[in-house]
Each structure stands twice: as structure tokens, then as C-alpha cells.
Amino acid sequence: MPSITRRTLLATGAGTVITAGSYGAYRLHRGATDAALSPWDPAPGTWPLPRYDGANTAHNPHASPPRETPTARRVASAATTARRPRFAPLLGNDRLVVYGSGLGVYPRDGGDPIRERDAPTPLAGFGPDGRFLTVERADSDAPASLVACAADFGETARVGLDADHPQGLVVGAHEAYVGGQDGTLRAVDPTSGRRWRVDGALPALGDGRLYAADAPLDGTVAYGERTGLDRRLTVGPKRLWSAGPTDGFPGRPAVADGRVVLGTVAEAGGVLAAVDADSGEPLWEPRALGRDVSTPAVVEDRGYVAVGRDEAGLVAAVDLSTGETRWRDAVDWRASTPVVGGETLVVAGAVREGGERAGGVVRAYDAASGETLWTRGFDADPNGVALVDDRVFVTVGADLYALR
């Protein structure tokens, strides 16, 4: 788990003293009172956020990935814009983006870059109406900023973030949510500058609620919009429940079908865990699956999880109502990044030989049966996967490929 000692000091150290009659100063310090926890549905033909939607399901219901062995075409390369290229893909209505150790924006079908940036861009995402947000730094030691761009990628707002290690960006209908290593979740409206904070580091939106994993001492937490007089008197949303910490470093939570699920990473063994979205009560005992357990791609009561175990791994389908495994495939590579389109599961992974990097793999499965449909090898690790229409987009180093 992240350092409890450090987080305890942050949570219990000296804070702002609020005296009677100073509510106006309190609002000025903390932000506006109204929290709008509005999710939105991605448009067909897009993959706007790292795990597709604000609920982090990693499931694009509009996609139909190839079920026969595809051909690979390189559609973009950011090799000239990053010293240590490592990127992940996003696709908006008419643009594709790779981000990570730098930023590259391209026409939807590839070609010359529209915008490039050779500086750390750890987080990025499209929002409603084509707006685009990034978390940027001038270099790895510089303070982070949340940058908002219009549909033409012209910058419209820049807001400083006092986050030492920004993580987990989710773009809502009105606000953007960014966590930090201090266990604090920052909500920012780039247009108005309105902001508020709650506990948590890794956000998800679902059913008018905000969920956050890795809150100091409290683990996974749920928040709801305030109503009545309370809405005017209190900053930020109302805490509904906390589920307690889960063993290991948690990934982004995924929310679907009344459940909040997540995977964790731990040297002694990560787990897959699930709680009831209304109450925070555990649905079953966390499942120990391996060292590096991904948050599953979620389709109704099915979860598709990828596990890394040193130089081997596991891909499995899990019944999220019971925690029982429906099917599993032991692989000789470290599996990660499960995504689903239609009835096809796609998983990426890294090949290791003698502890050294030896290439990468992208594999497709029939989601219902677990049958392997095809496997594609690469010379390096895939960094991210997106499913759009009938294509699998995958970044390998600084290159973006379309498998079709």
C-alpha cells in the first residue's frame, strides 16, 4: 500500500483553522459548494478515456474487433517528440492521440502530427463536445497543470495542480477529477475555475456517484451529490461509504451493474476485489491471483482480468456476483491491459526472458468461451490498447498500430 505514515501525517498535520463567522473565507479557500457528478456516454467510434468511459469499464459496446488474425498498419509515430518514448492511445471524434512521456495529436486516420509536445504528459482524456484535457509538466520535476483544449486543440484554460504525482484522470460532464499520491482527489471545472477536494486517488463515475480508490486509511470511498440546505453549506460531495483498504497498490476502480471492482499489485500477491456500489459491503473474499492483478474489463456481471507473474501470467473471466472463475488461460508472458469490444476480449502483455525484455504480445479471445482467436507479437511491450469500430489500436513504444 502507499505509505500510511506519510498519508497519516498529511491527514492529521496542521491545517487551516476555521473560526465562527468565517464561512466566506472557508469557501474561498476550499472552493464552490456544488459538486456535479455527471457522467456521459462516449460516442460510437471513439475511445476517449484510458479505460473507455468515466466508469473505467474498459468495454466499448460499439466495437467489433477482428476475430481472425489481423494485419498491422503503423498509423502514427511520436518517436521524434520524446526522449524515452512510452505512450497510450485515445481516439476522439476526428483525432487520435498518444500521450505519456510526451504528446502527439494526429488526424483520425493517421498522418502528420497536428500537435506535438516533448514533455511528460502522464494523463489525458476527451470529454463531451470534443474538448480535450491533459495533465502536463514542463519536466518530471515541475509542478503539474490541468490543460483544457477546444475541439481544434487550441488551449482554452490552464489550472495549476498541487499534486506531487498526478494519477487517475477522469473527465466528467462538467468537472475533471485528478488524484495524487497524497490520497487526495481534486475536482476542477476548467471553465469556471471551481474546485473542491475529497479523499481518494483513483476516480470513477457511475450512476450519479463518484467513487475513488486509495483514500488514506479508508481504501475505496463513494460520494454522492448533496441536496437541500446541505448543498449550500458544505464544500464538495457527501461521503456515502468507505470500504476500507485492499491489500496492495490498487488500480483504477471500475463501476458497472451495481458493483465496484478493482485489482491490486503487491510483491506478496495482488488481489481482485469487489464491493456493492450502494453500500460498500464486500461481495466476496478478495481473490489472490498473482503479483500484478489488473482491474478487470467489466461487462455486466462478467469481469475479464489479466495477471502478471514474473515471466508468466494469467488471463481469466470472473463471475463478479460470486468471484468464481468462468475460464482461465495460463500464458508465458506477463498479461495486462484487458479491454472488451462486442464479444471479443483483447489483452496485451510483455515477454520476459531471464528477467530481460524480449518483446510483447496482443491476444484476442472469445469472451464467452475463452477460446484464443489470434495472437500478434511485437518487438517491444505494448503500452496501451483501444478498441474502435473493427480495429484494435495498440501503442508499442512511440508507434501506434491499427490491427484490422
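Calculation notes
Residues numbered from 1 in each chain as written. Predicted model: local features only at pLDDT ≥ 70, side-chain atom pairs only at ≥ 80, totals over all residues. Heavy atoms only, no water. Core = buried A, V, L, I, M, F, W, Y, C linked by side-chain atoms within 4.5 Å. Buried < 20%, exposed > 50% of the residue type's maximum accessible area, 1.4 Å probe, protein only. Helix = DSSP H or I, 4+ residues; strand = E, 2+ residues; numbered from the N terminus. Contact = heavy atoms within 4.5 Å. Salt bridge = Lys/Arg side-chain N within 4 Å of Asp/Glu carboxyl O. Pairing = 2+ DSSP bridges. Axes fitted to C-alpha atoms, helices over the stretch in contact; angles between N-to-C directions. Phe/Tyr/Trp six-rings, centres within 6.5 Å; stacked < 30°, edge-to-face > 60°. Lys NZ or Arg CZ within 6 Å of the ring centre and 35° of its normal. Polar contact = N/O pair within 3.5 Å; in protein donor to acceptor, adjacent residues only side chain to side chain.

**What to know about the nonpolar core**
Looking at soluble globular proteins, one finds that nonpolar side chains tend to be buried together. Core analysis: the largest hydrophobic core is formed by 62 residues, its most contacted members being Val 97, Phe 132 and Tyr 304. With five residues, the single largest contributor to this core is strand 28 (residues 344–353). Those residues in contact with Phe 132, other than ones at most four positions away along the chain, are Leu 90, Val 97, Leu 103, Ala 124, Gly 125, Phe 126, Val 147, Ala 148, Cys 149 and Phe 153.

**Describing the pattern of salt bridges**
Evaluation of the coordinates by the stated rule reveals 26 salt bridges. The closest approach of N and O atoms between Arg 186 and Asp 162, which form a salt bridge, is 3.2 Å. Of this pair, Arg 186 sits in strand 13 (residues 184–188) while Asp 162 sits in the loop between strand 10 (155–161) and strand 11 (167–171), and the two are 24 residues apart along the sequence. The exposure class assigned to Arg 186 is buried, which follows from its relative accessible area of 3%. Using a relative accessible area of 48% as the deciding quantity, one classes Asp 162 as partly exposed. One salt bridge in this structure joins Asp 390 and Arg 391, with 4.0 Å as the shortest N-O distance. Judged by its relative accessible area of 30%, Asp 390 falls in the partly exposed class. Overlapping salt bridges, with partners in common, bring together Arg 108, Asp 389, Asp 390, Arg 391 and Arg 404 in one network.

**Digging into the sheet that holds strand 9 (residues 144–149)**
Taken in spatial order, the four strands of this open sheet run 7-8-9-10, and their pairing is antiparallel. Every other strand in the sheet has two partners, leaving strand 7 (123–126) and strand 10 as the edge strands with one partner each. Averaged over all pairs of adjacent strands, the angle between strand axes in this sheet comes to 15 degrees, irrespective of strand direction. When strand 8 (residues 132–136) meets strand 9, the two strands line up antiparallel, connected through five bridges.

**Concerning the pairing of strand 9**
Burial within strand 9 is extensive, with six of its six residues counted as buried. The side-chain alternation of strand 9 yields two buried faces, one formed by Ala 144, Leu 146 and Ala 148 and the other by Ser 145, Val 147 and Cys 149. Sheet analysis places strand 9 next to strand 10, joined by six bridges and oriented antiparallel. Residue pairing across strands places Val 147 opposite Arg 158, the latter belonging to strand 10. Linking strand 9 to strand 10, which pair antiparallel, is a turn of five residues; within it Phe 153 sits at a positive phi near 70 degrees.

**What to know about unusual backbone geometry**
For Leu 217, which is not glycine, the phi torsion reads 70 degrees and is therefore positive. The exposure class of Leu 217 is exposed, given its relative accessible area of 52%.

**Things to note about the packing of aromatic side chains**
Within the structure shown, the criterion is met by nine aromatic pairs. Between Phe 126 and Phe 132 the ring centres are 4.9 Å apart and the planes differ by 50 degrees, which places this aromatic pair in the tilted class. Overall, the relative accessible area of 5% leaves Phe 126 in the buried class. Ring geometry for Phe 378 and Tyr 401: centres 5.5 Å apart, planes at 50 degrees, overall tilted. Taken together, the positions of Phe 378 in strand 30 (residues 372–378) and Tyr 401 in strand 33 (residues 399–403) put the pair 23 residues apart, joining distant regions of the chain. Looking at Arg 376, its charged tip hangs above the ring of Phe 378, at a distance of 5.5 Å from the centre.

**A short note on the pairing of strand 31 (residues 382–388)**
With seven of its seven residues buried, strand 31 lies for the most part within the structure. In the sheet, strand 31 pairs with strand 32 (residues 391–396) via six bridges, with the strands oriented antiparallel. Among the inter-strand pairings, Val 385 is bridged to a residue of strand 32, identified as Val 394. Hairpin connection from strand 31 to strand 32: two residues lie between these consecutive antiparallel strands, with Asp 389 at a positive phi of about 55 degrees.

**Structural notes on the side chain of Arg 117**
Within the secondary structure, Arg 117 is located in strand 6 (residues 115–117). A polar contact is formed between the side chain of Arg 117 and the backbone oxygen of Pro 120, at a distance of 3.2 Å. A polar contact is formed between the side chain of Arg 117 and the backbone oxygen of Arg 137, at a distance of 2.8 Å.

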